[in-house]
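Commentary on secondary and tertiary structure
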Amino acid sequence: MKAVLLWWNSLQRREQQLVSMLGVVGGIGLFYALIWAPLHQTRESQQLAATTASEQLVWLKGKLPQLAAAPATGAGGSLNDKVSQTSWQFQINVSRMQPKDEQLDLMLEDVAFEQLLRWLQLLQGEHGVQLVQLEVTDTDVPGVVRVRRLVLE
């Protein structure tokens, strides 16, 4: 600190004024570069994000009637995925699965008839899958059927 004071006192009056002015301008520049500009940019980006979010909200509110009127289809995914996931959930073993265009041709191992009906009801109700054809034969066990052919779309 003594060295700075010694240097300052060695300057002429005019040089001291010039260095003082340079210090003020430099301080203002540092304040602008380190504090003001980042705060201003952050504020602008937050305003832009808020504007974008409000525009998206207006757009989504406009699409709400279309979404409400849309048919209740499944939560997405292919027909193959829906059948695989739900058959596992109902402990139904698929012995053959063959896609054909928009349809899926299945052959199932022996299954309880009530369980088959609950599975088909879930596929139709929650996933929008339609039953096209069902060929069932009885087995030696009461209440258990063999599904020879099941076509879904």
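Further up the page is the structure itself.
Report on the accompanying structure. What you are looking at is a predicted structure, and each value in this text was computed from that prediction instead of being measured. (Residues numbered from 1 in each chain as written. Predicted model: local features only at pLDDT ≥ 70, side-chain atom pairs only at ≥ 80, totals over all residues. Heavy atoms only, no water.)

Residues Leu30, Phe31, Tyr32, Leu34, Ile35, Trp36 and Leu39 make up a contiguous nonpolar surface patch of about 810 Å² in total accessible area. Positionally, Leu30 belongs in helix 2 (residues 13-69). (Patch = residues over 30% accessible without salt bridge, like charges linked within 9 Å, V, L, I, M, F, W, Y side chains within 5 Å. Areas by Shrake-Rupley, 256 points an atom, 1.4 Å probe, with all protein chains shown as cover. Salt bridge = Lys/Arg side-chain N within 4 Å of Asp/Glu carboxyl O. Helix = DSSP H or I, 4+ residues; strand = E, 2+ residues; numbered from the N terminus.)

What follows concerns the pairing of strand 5 (residues 144-152). The pairing of strand 2 (residues 103-108) with strand 5 spans three bridges and is antiparallel. Bridge pairing in strand 5 places Leu104 opposite Leu152. Two elements, strand 3 (residues 111-112) and strand 5, share two bridges in a ladder whose sense is antiparallel. Along strand 5, the bridge assignment pairs Val111 with Val145. The sheet contact formed by strand 4 (residues 131-138) and strand 5 spans seven bridges and is antiparallel. Note that in strand 5 the partner of Asp138 across the bridge is Val145. Count of turn residues in the strand 4/strand 5 antiparallel hairpin: five residues, of which Gly143 carries a positive phi of about 85°. (Pairing = 2+ DSSP bridges.)

Honestly, that's just the spatial picture; any functional story needs more than this.
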